[in-house]
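# Structural overview for review
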Amino acid sequence: QWQANPKQGWAFTTSQGYLRMFSAYKNDSVKSAWDLPDILAQKFPAEEFSATVKLDFKPRHEQEQFGFIIQGSDYAFLSLQKRMEGNFISFNQCFNADKGGVESETTIQKFSHSTIYLRIKIKSGAVCEFSFSEDGKNFSSAGNSFTAKPGKWVGAKIGMFFSGKNITNDAGFADIDWFRVEPVN
């Protein structure tokens with residue numbers, strides 16, 4: 001489900017079978033991912049699981065950002081972001097987001113391939129481990145482990161978003177090939 005009432009143009013399915021998410025405008029009132037309306041998420045389906053998304057990242061403007069997020073009163077996400085120097089993957093987190101907590105970002109590395117795999121393993125106690133891969137086989141750890149916390153009305157959720165600072169009809173996009181939930185090995 002969407003974090004807020006969905007707007008036309010946030011996402012649609014393509015004739016190739018992808019879910020195409022466009023960079024939704026993030027206005028200045030949005031201080032953190034807690035306030036983002038364009039998060040497509042679901043509640044945790046089990047106590048322990050692994051979720052992986054395969055996508056093609058096709059940004060057009062600086063600051064366009066795709067996020068694979070664990071959302072709650074505390075949140076963390078892997079971020080793909082277009083910057084002047086190229087495309088980068090980062091680990092972002094915020095504690096007490098529901099009370100105005102400040103989001104931190106740690107840049108992990110620059111990446112050059114448009115196809116990328118993002119994974120979050122959720123273990124007992126809602127401990128989340130983030131990783132990424134450019135080939136879908138060899139995953140690199142990203143950031144510290146993170147303990148998910150419930151949101152205001154429901155428990156923690158896992159989801160994705162794509163946002164940016166440009167108001168344009170020519171926004172970048174991410175083509176989501178698949179999103180898989182599997183048991184933790």
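Described in the following lines is the structure provided in the data block. (Residues numbered from 1 in each chain as written. Predicted model: local features only at pLDDT ≥ 70, side-chain atom pairs only at ≥ 80, totals over all residues. Heavy atoms only, no water.)

## Topic: the side chain of S50
This is how the line gets drawn: Secondary structure elements are defined from DSSP: runs of H or I of at least 4 residues count as helices, runs of E of at least 2 residues count as strands, and each element is numbered from the N terminus. Throughout, a contact is declared for two residues whenever any of their heavy atoms are within 4.5 Å.
With respect to the helices and strands, S50 occurs in strand β5 (residues 49-58). Those residues within four positions of S50 in sequence are excluded, and the remaining contacts are R119, I120, K121, R180, V181, E182, P183 and V184.

## A closer look at the pairing of β5
Put simply, the test is: Accessibility here uses a 1.4 Å probe with only protein chains present; expressed as a share of the type maximum, an area under 20% marks a residue as buried, one over 50% as exposed, and anything in between as partly exposed. By the convention used here, strands pair only if DSSP detects at least 2 bridges between them.
Counting buried residues along β5, nine of its 10 residues qualify, which places the element largely inside the surrounding structure. Of the pairings in the sheet, the one linking β5 to strand β10 (residues 115-123) comprises eight bridges and is antiparallel in character. Considered in β10, the bridge of S50 is made with K121. The pairing of β5 with strand β14 (residues 173-182) spans nine bridges and is antiparallel. Paired with L55 across the two strands is I176, which belongs to β14.

## Focus on unusual backbone geometry
Non-glycine residue Q63 carries a positive phi angle of around 75°. When you line up the elements, Q63 lands in the loop between β5 and β6 (65-71). Overall, Q63 belongs to the partly exposed group, its relative accessible area being 46%.

## What about the pattern of salt bridges?
Applicable threshold: The term salt bridge refers to a side-chain nitrogen of Lys or Arg lying within 4 Å of a carboxyl oxygen of Asp or Glu.
Throughout the structure, instances matching the rule amount to five salt bridges. Linking R83 and E105 is a salt bridge whose minimum nitrogen-to-oxygen distance equals 3.7 Å. Residue R83 is located in strand β7 (residues 75-83), and its partner E105 is located in strand β9 (residues 104-111); the two are separated by 22 residues in the primary sequence. Two residues, D98 and K99, come together in a salt bridge whose shortest N-O distance is 3.6 Å.

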